[in-house]
Amino acid sequence: MGLFSATAIVMGSMIGSGIFIVPADMSRVLGSPALLIAAWLVTALMTIIGALSYGELAAMMPKAGGQYVYLRESLGPIWGFLYGWTLFLVIQTGTIAAVGVAFGKFLGVFFPSVSQTHWLWHVGSGNVGLSTANLAAIVIIVLLTWTNTRGVKLGAAVQNVFTSAKVLALLAVIGVGVLLYFEHLDGAGLASNFGHNFWSLGPWKLQGFLSHHGEWLGQGEWPRASLREIVLNVAVVLAVVQVGSLFSSDAWNNVTFTAGEIQNPKRNLPLSLALGTGVVLLLYIACNLVYLSVLPMAGIQTAPQDRVATAVMQAAFGGLGAKFMAAAILVSTFGCVNGMLLAGARVYYAMSQDGLFFKSVGKLDEKTKTPVNSLWMQCVWACLLCLSGQYGNLLDYVIFAVLVFYVLTIGGLFVLRRTRPEAPRPYKALGYPVLPALYIVMAIWICGVLLRYKPQYTWPGLILVLLGLPVYWVWTRRSKNVEQAVQ
């Protein structure tokens with residue numbers, strides 16, 4: 001794969017369903033146009049710093065497995081295994097499942113019988129079971145897994161086409177904002193979300209949020225709160241909503257998993273990370289400005305099934321506009337699932353090569369040279385996760401584990417600078433050590449806040465990571481026994 005295909009994997013893995021859905025939930029928590037944009041700016045800052053930091057590691061170790069390899073080489077084999085273990089159990093497969101379920105959500109615009117509430121098989125009163133939306137997710141996961149078993153060139157070709165299509169979908173949303181500006185049209189959101197209202201809604205919503213969670217940090221009403229109390233509360237609530245915006249911007253690191261199949265990886269990997277993340281984040285911020293220009297805050301908060309982008313196109317062009325956007329988002333989620341499937345299987349393949357995963361996963365197909373067994377194993381688990389909950393639940397499970405390993409990997413950058421100072425570094429992380437350290441501080445703060453305010457999702461994720469410790473011990477002992485038997 002060349003630079004264009006590598007950049008397409010970065011952008012295609014990032015642009016999935018989140019940007020078209022999560023602003024609804026974020027706005028319900030924040031209640032403020034200013035804070036909604038601030039949350040996306042925080043995400044943009046963290047993502048770009050992360051990508052620039054990973055660029056050094058990618059250029060230094062352009063091997064299949066990406067982040068797994070960086071952790072293995074910087075912190076030791078156990079940390080690489082814990083990442084691969086968590087990637088398989090929740091990070092990669094959970095993201096694939098969440099985006100697949102979003103595909104079913106938007107398919108419901110054309111086929112109302114496809115819905116998360118239309119159950120074919122249901123367990124209890126929760127969200128576990130097989131709905132028609134989950135079934136649609138399972139169908140595309142199986143279909144795209146089969147496509148990727150045909151070879152990396154076909155998988156990359158599919159990714160290039162669908163990434164181009166999903167970028168056009170974002171540009172269509174931004175085009176609505178441009179139309180409002182140049183045609184001097186007054187979107188309903190302009191009057192209610194901008195001007196003096198841009199800043200005025202947030203504090204009362206924030207106070208209600210923190211009071212609801214039993215930890216209002218200030219004393220009395222906001223007009224009498226100190227600056228320190230206001231800043232602290234804003235920092236807390238922005239951390240909570242990062243679940244949505246960081247998830248929407250995540251998976252940019254997937255291109256590093258395919259390093260072994262990229263031309264001139266020492267140049268193209270860092271460049272694709274910088275180009276891909278930069279372009280996508282600019283599009284995301286522009287989209288949120290358009291949402292706020294077209295819909296009042298209440299319209300964003302109450303968009304049907306959280307489909308904010310389709311609500312915007314409905315307001316601008318009627319039913320035809322809503323269906324056009326829903327079709328574009330179906331293309332977007334389809335392409336995102338493809339990119340995630342293609343990349344994730346390479347990590348389990350690399351783990352198997354190190355004797356830390358099933359031996360069959362480390363085999364390549366003789367004709368296509370793809371890790372077919374790894375792809376199908378990933379497919380089966382992702383399909384099972386589709387049955388485990390709705391879109392929002394899957395997001396909460398994923399993002400905490402993602403941040404833990406981003407912190408560890410960027411921490412590994414500091415370790416490698418000290419332990420391997422003479423190693424070739426075709427690219428060095430911009431702003432080192434200040435920017436990588438800033439990322440670590442921000443990510444640790446978000447993790448701490450999520451552990452406090454969303455314990456039902458974050459603690460299970462942490463436990464899953466820790467469960468990898470005894471598994472690692474069993475696997476390494478088994479590998480040693482096999483080596484001794486061979487000798």
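Please read all numbers here as calculations on a predicted model, not as lab measurements. (Residues numbered from 1 in each chain as written. Predicted model: local features only at pLDDT ≥ 70, side-chain atom pairs only at ≥ 80, totals over all residues. Heavy atoms only, no water.)

### Re the overall build of the chain
Which entries qualify depends on this criterion: Elements are defined by DSSP. Helices are runs of H or I of four residues or more, strands are runs of E of two residues or more, and each kind is numbered from the N terminus. Note on classification: 1.4 Å probe, protein chains only; a residue is buried when its accessible area is under 20% of the maximum for its type, exposed when over 50%, partly exposed between these limits. Only heavy atoms enter the contact rule, under which two residues are in contact if any of them lie within 4.5 Å. The accessible surface values rely on the Shrake-Rupley method and a 1.4 Å probe; as for residues, cover is taken only from the protein chains in view.
Each helix and strand in the chain was counted, giving 19 helices and two strands. Within the chain, the fraction of its 487 residues that count as buried is 59%. Considering only contacts in the chain between residues 6 or more positions apart, those separated by 24 or more positions represent 79%. For the chain, the exposed surface amounts to about 19200 Å²; the carbon and sulfur share of it is 68%.

### Some thoughts on the nonpolar core
Convention followed: Buried residues of nine kinds, namely Ala, Val, Leu, Ile, Met, Phe, Trp, Tyr and Cys, make up a nonpolar core once their side-chain atoms join them within 4.5 Å.
In this structure, Phe-20, Ile-141, Tyr-284, Tyr-291 and Met-325 are the most contacted members of the largest nonpolar core, which totals 154 residues. With 18 residues, helix H5 (residues 77-107) is the largest single contributor of residues to this core. Apart from residues no more than four positions distant in its own chain, Met-325 is found in contact with Phe-20, Ala-169, Ala-172, Val-173, Ala-309, Thr-310 and Met-313.

### A word on the packing of helix H1 (residues 3-14) against helix H15 (residues 319-353)
Heads up, the condition is: Inter-axis angles, ranging from 0 to 180 degrees, are taken between N-to-C directions of lines fitted to C-alpha atoms, where helices are fitted over the stretch in contact. An angle below 35 degrees is treated as roughly parallel, one above 145 as roughly antiparallel, one from 65 to 115 as roughly perpendicular, and anything else as oblique. Two helices crossing with the near one rotated counterclockwise from the far one by less than a right angle form a left-handed crossing, whereas a clockwise rotation gives a right-handed crossing. The classification used treats Ala, Val, Leu, Ile, Met, Phe, Trp, Tyr, Cys and Pro as nonpolar, Asp, Glu, Lys and Arg as charged, and all other residues, Gly among them, as polar.
Where H1 meets H15, the closest approach of the two axes is 7 Å, and the angle between their N-to-C directions is 120°. With respect to H15, the axis of H1 lies oblique. In this structure, H1 meets H15 at a crossing whose hand is left-handed. Across from Ile-9, Gly-12 and Ser-13 in H1, the residues of H15 making contact are Gly-335, Cys-336, Gly-339, Met-340 and Leu-342. Taken together, the residues that form the contact of H1 with H15 break down as four nonpolar, four polar and no charged.

### Topic: the environment of Asn-254
Topologically, Asn-254 is positioned in the loop between helix H11 (227-248) and helix H12 (265-294). On a C-alpha basis, the gap between Asn-254 and Gly-66 in space is 7.8 Å, while along the polypeptide they are 188 residues apart. If near-sequence neighbours (up to four positions away) are discounted, Asn-254 is found in contact with Ile-9, Ser-13, Gln-92, Gly-339, Met-340 and Ala-343.

### Points about the packing of H5 against helix H6 (residues 132-148)
Taken N-terminus to C-terminus, the directions of H5 and H6 make an angle of 120°; their axes are 7 Å apart at the nearest point. The angle between H5 and H6 falls in the class oblique. The chirality of how H5 crosses H6 is right-handed. Taken together, the residues of H6 that come into contact with H5 (itself represented by Ile-96, Gly-100, Val-101, Phe-103, Gly-104, Lys-105 and Leu-107) are Ala-133, Asn-134, Ala-136, Ala-137, Ile-140 and Ile-141. Class assignment for the residues of the contact of H5 with H6 results in nine nonpolar, three polar and one charged.

### Some points on the pattern of salt bridges
We apply this condition: One side-chain nitrogen of Lys or Arg within 4 Å of one carboxyl oxygen of Asp or Glu is enough to make a salt bridge.
Tallied over the entire structure, the rule returns seven salt bridges. The salt bridge partner of Arg-425 is Glu-56, with a shortest N-O separation of 3.1 Å. Linking Arg-425 in the loop between helix H17 (391-419) and helix H18 (434-453) with Glu-56 in helix H3 (residues 33-60), this pair joins segments that are 369 residues apart in sequence. A relative accessible area of 1% means that Glu-56 is categorised as buried. Across the pair Arg-420 and Glu-73 runs a salt bridge whose closest N-O atoms are separated by 2.8 Å. Here Arg-420, found in the loop between H17 and H18, pairs with Glu-73, found in helix H4 (residues 67-74); they are 347 residues apart in sequence, far enough to count as distant. Relative accessible area serves as the criterion here: at 32%, Arg-420 is assigned to the partly exposed category.

### Looking at a nonpolar patch on the surface
Test applied: Patch membership requires over 30% relative accessible area and the absence of a salt bridge. Like charges are linked within 9 Å, and nonpolar side chains (Val, Leu, Ile, Met, Phe, Trp, Tyr) within 5 Å.
Together, Leu-120, Trp-121, Val-123, Val-128, Leu-135 and Val-139 give the surface a local cluster of nonpolar side chains, amounting to about 520 Å² of exposed area. Assignment of secondary structure puts Val-123 in the loop between strand S1 (119-122) and strand S2 (129-131). Of the residues examined, Val-123 reaches a relative accessible area of 39% and is grouped as partly exposed.

### Remarks on helix H14 (residues 308-317)
The set of residues buried in H14 consists of Val-308, Ala-309, Thr-310, Ala-311, Val-312 and Met-313. One or two steps after H14, the chain reaches Gly-318, where phi turns positive at roughly 80°.

### Description of unusual backbone geometry
The amide bond that connects Tyr-432 to the next residue, Pro-433, takes the cis arrangement and shows omega of 5°. Within the secondary structure, Pro-433 is located in the loop between H17 and H18.

### A look at the state of the cysteines
Where we set the bar: The criterion for a disulfide is a pair of cysteine sulfur atoms lying within 2.5 Å.
Under the criterion given, the structure shown has zero disulfides. Left without a disulfide partner, Cys-383 is nearest to the cysteine sulfur of Cys-379, which lies 4.1 Å away.

### Digging into the environment of Ile-138
Its place among the elements puts Ile-138 in helix H6. Note: C-alpha distance between Ile-138 and Gly-104 (34 residues apart in sequence) is 9.4 Å.

### Focus on the packing of aromatic side chains
Test applied: For Phe, Tyr and Trp, rings pair up if their centres lie within 6.5 Å, where Trp contributes its six-membered ring, and each pair is then called stacked (planes under 30 degrees apart), edge-to-face (over 60) or tilted (otherwise).
Inspection of the entire model under this criterion finds 18 aromatic pairs. Ring centres 5.4 Å apart and planes at 50° place the aromatic pair Phe-81 and Tyr-472 in the tilted group. Placement of Phe-81 in helix H5 and of Tyr-472 in helix H19 (residues 455-486) is noted, with a sequence separation of 391 residues between them. Since its relative accessible area comes to 0%, Phe-81 is described here as buried. Between the aromatic rings of Phe-357 and Trp-475, the centroid separation amounts to 5.7 Å while the plane-to-plane angle is 10°, which identifies the pairing as stacked. Taken together, the positions of Phe-357 in the loop between H15 and helix H16 (372-386) and Trp-475 in helix H19 put the pair 118 residues apart, joining distant regions of the chain. Comparing Phe-357 with Trp-475, the two get one shared label, buried. One aromatic cluster in this structure is built from Phe-88, Tyr-348, Phe-357, Phe-358, Trp-381 and Trp-475.

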